[in-house]
Amino acid sequence: MCRRMKMQAKHVRSLDSGHIEFESELGSISRLYADTMPILRRLSIKRLILAAGAVREPHWHANATELSYCVSGQSLVSVLDNGSVFSSFTVSAGQMFHIPSGAVHHIENLGADRAEFIVAFRHERPEDFSMHAAFGAMTDAVLGNTYDLPGASFAPIARSTRSAFIVGRQGPAAVPAVAAFNNPHKFDVEAQHPLLASQAGSARFARDQFWPALKDISMYSLRITHQGMREPHWHPETAEMGYVHRGRARMTVLDPDGTTDTYDLKAGDVYFIPRAYPHHIEQLGDEEIHFLIFFDQPTPGDIGYRATASAFSRGVLAATLGTTEEVLPTLPFTPADPLVVTRINARDP
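Here's what I pulled together on the structure shown here. (Residues numbered from 1 in each chain as written. Predicted model: local features only at pLDDT ≥ 70, side-chain atom pairs only at ≥ 80, totals over all residues. Heavy atoms only, no water.)

## Points about the overall build of the chain
So, point 1. Within the chain, the secondary structure is distributed over four helices and 27 strands.
So, point 2. The principal-axis extent of the C-alpha atoms belonging to the chain is close to 90 × 40 × 35 Å.
So, point 3. A buried classification covers 50% of the 349 residues belonging to the chain.
So, point 4. At a minimum sequence separation of 6, the contacts of the chain that also span at least 24 residues come to 75%.
So, point 5. In the structure as shown, the chain presents an accessible area of about 16300 Å², 57% of it carried by carbon and sulfur atoms. (Helix = DSSP H or I, 4+ residues; strand = E, 2+ residues; numbered from the N terminus. Buried < 20%, exposed > 50% of the residue type's maximum accessible area, 1.4 Å probe, protein only. Contact = heavy atoms within 4.5 Å. Areas by Shrake-Rupley, 256 points an atom, 1.4 Å probe, with all protein chains shown as cover.)

See the structure below:
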C-alpha cells in the first residue's frame, strides 16, 4: 500500500485561501469550484460574509440548487420561485435555507455584526445571474416597456452586465411581519433532536425525511468528541463534501489506484470524497470537531466497516485478509453501522 501524507492535495483545500469572487468593506465571497479543486463533482462551496447593512443582491443559479448554513448573525432571505410564489424569512446561527435552481433570492444582514454563511451548491461549477446584470443587459426602451414607463426613466441609472455581488443598503431594513413565520425554504438544523448522540459524538440531519424541500442535496451537522471517531465507511450513491467549522481532525481516503491519502484538517478546510471511496475521520486535540457535511442526494446512505465484517463468514474474512480463523479477531456482530464509534486506542502518530 502506498500512503501519502499531505496538507494540501486533491481531496482537501482551505476555503480560507479559496478564490476570492468579491471583496470590499461590505463583505466578501470566497469559493471552491472545480476550476480550483478539480476533484469536485456535483458539489461545490462558498463562504459569504456580509457586513452590517450589506445585501447579497438578488440573484439566481442557472444550474444548481443552493443549501446554506448560517454560521453567525441574523439575516433576511427573500425568494421568488416559479409561478410567482414569493416568501421572506429570517435566519440566524445554526439555521439553514434551501434555494431551488433558477429561483431569484437575496440575503440581507439585519444586525450590527457581520453575518456569515457556508453555501453549498449541487454542481461543481455553478452558473449565476444577478439582477444587476440582468437589468444591464436590456435597453432603456425595453425596461420602459416592461414597467409601463418612459425609457428615459432608466437613463440616469448606470448599468453593466456584471454582477454587483454585495451592495450597501441605505436606511433600515424592511422586514415583513411574515418573515418570522416558519417557511418551507428554512430549516433549523441545530434545533433538531440529534438522531445520533453518545459520548463519542452527535449528528443532526438536514435531509428530505425531515425537510421535504430537499430534492437533490442534504447535509449532516456532525460533532465528534475527543472520545470518538467516524468509523471507516463509504457512500454507495453519493459524493461527500465536508467543511470544518471548528476543531482539528485527521482523515484517510483510499483511492481506486490503491494509494492512501491522509490529511490533517483544521477549521476552514473543505474536503471532497467521490462516491464509494472508503474514508474515516478522527478528532485531533482536545476540542470537539464540528463538520458541515453536504451530499449530492436528498437521503445519503453509507456502508461501514463494522457492518461489512458482519456480512461475511469468518472463513471468507480470514481468506480475504490473508490470515487464519484462529488469528482473526472476534469481530462484533453489527447489523447496522453506528456512524460514530468510541476510540479506545491511542491516536496514530
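## Re the sheet that holds strand β4 (residues 27-32)
Sheet strands pair by backbone hydrogen bonding; their relative direction is either parallel or antiparallel.
So, point 1. Pairing within the open sheet is antiparallel, and its seven strands lie in the order β3-β4-β5-β12-β7-β10-β15. Of all strands in the sheet, those bounded by a partner on one side alone are β3 (19-24) and β15 (186-187). (Pairing = 2+ DSSP bridges.)

## Points about the pattern of salt bridges
So, point 1. For the structure shown, the criterion picks out 18 salt bridges.
So, point 2. Here Arg31 ties to Glu21 by a salt bridge, and the two come within 3.0 Å at their closest N and O atoms. In this pair, Arg31 is assigned in strand β4 and Glu21 in strand β3, connecting sequence segments ten residues apart. Accessibility assignment for this pair places Arg31 and Glu21 in one class, buried.
So, point 3. When the shortest N-O distance is used, the salt bridge between Arg275 and Asp296 registers 3.9 Å. Of this pair, Arg275 sits in the loop between β23 (269-273) and β24 (279-284) while Asp296 sits in the loop between β25 (289-295) and β26 (303-304), and the two are 21 residues apart along the sequence.
So, point 4. Using a relative accessible area of 37% as the deciding quantity, one classes Arg275 as partly exposed.
So, point 5. Residue Asp296 is classed as buried on the basis of its relative accessible area, which comes to 1%. (Salt bridge = Lys/Arg side-chain N within 4 Å of Asp/Glu carboxyl O.)

## What about the packing of aromatic side chains?
So, point 1. Counted under the stated rule, the structure contains eleven aromatic pairs.
So, point 2. Ring centres 5.9 Å apart and planes at 25° place the aromatic pair Trp60 and Phe129 in the stacked group. Separated by 69 residues along the polypeptide, Trp60 in strand β6 (residues 54-61) and Phe129 in strand β13 (residues 128-130) bring together distant segments of the chain.
So, point 3. Trp60 gets classed as partly exposed once you look at its relative accessible area, which sits at 24%.
So, point 4. Look at Tyr271 and Phe291: their rings are 6.1 Å apart centre to centre, the planes differ by 80°, and that puts the pair in the edge-to-face class. Remark: Phe291 occurs in strand β25 and Tyr271 occurs in strand β23; sequence separation between them is 20 residues.
So, point 5. You can call Phe291 buried: its relative accessible area is 0%.
So, point 6. In this structure, Arg207 packs its charged tip against the face of Phe205, placed 4.5 Å from the ring centre. (Phe/Tyr/Trp six-rings, centres within 6.5 Å; stacked < 30°, edge-to-face > 60°. Lys NZ or Arg CZ within 6 Å of the ring centre and 35° of its normal.)

## A word on the side chain of Ser202
So, point 1. Its location among the elements puts Ser202 in strand β17 (residues 201-206).
So, point 2. Excluding anything up to four places from it in sequence, Ser202 contacts Pro194, Leu196, Ala197, Ser221, Leu222 and Arg223.

## Focus: the nonpolar core
So, point 1. Ranked by internal contacts, the top residues of the largest apolar core, which has 28 residues, are Ile45, Met96, Met219, Met241 and Phe294.
So, point 2. Among the secondary structure elements, those contributing two or more residues to this core are β7 (66-72), β12 (115-121), β20 (240-246), β23 and β25.
So, point 3. Broken down by element, the residue count for this core peaks at three residues, all from β7. (Core = buried A, V, L, I, M, F, W, Y, C linked by side-chain atoms within 4.5 Å.)

## Quick notes on the sheet that holds β17
So, point 1. Here seven strands make up an open sheet; going across it, the order is β2-β23-β20-β25-β18-β17-β16 and the pairing antiparallel. Looking at which strands have only one partner, the edges of the open sheet turn out to be β2 (12-14) and β16 (196-198). Here the average twist between neighbouring strands, direction ignored, is 20°.
So, point 2. Sheet analysis places β2 next to β23, joined by three bridges and oriented antiparallel. For Val12, the partnering residue across the bridge sits in β23 and is Tyr271. (Axes fitted to C-alpha atoms, helices over the stretch in contact; angles between N-to-C directions.)

## Focus on the pairing of β17
So, point 1. The element β17 is extensively covered by neighbouring structure, given that six of its six residues are classed as buried.
So, point 2. Side-chain alternation along β17 places Gly201, Ala203 and Phe205 on one buried face and Ser202, Arg204 and Ala206 on a second face that is also buried.
So, point 3. Looking at chain direction, β16 and β17 are connected through three bridges and run antiparallel. What sits directly across from Ser198, in β17, is Gly201.
So, point 4. Hairpin connection between β16 and β17: a loop of two residues separates the two successive antiparallel strands.
So, point 5. In this structure, β17 lies alongside strand β18 (residues 218-224), joined through six bridges in antiparallel fashion. In the strand pairing of β18, Arg204 is matched with Ser221.

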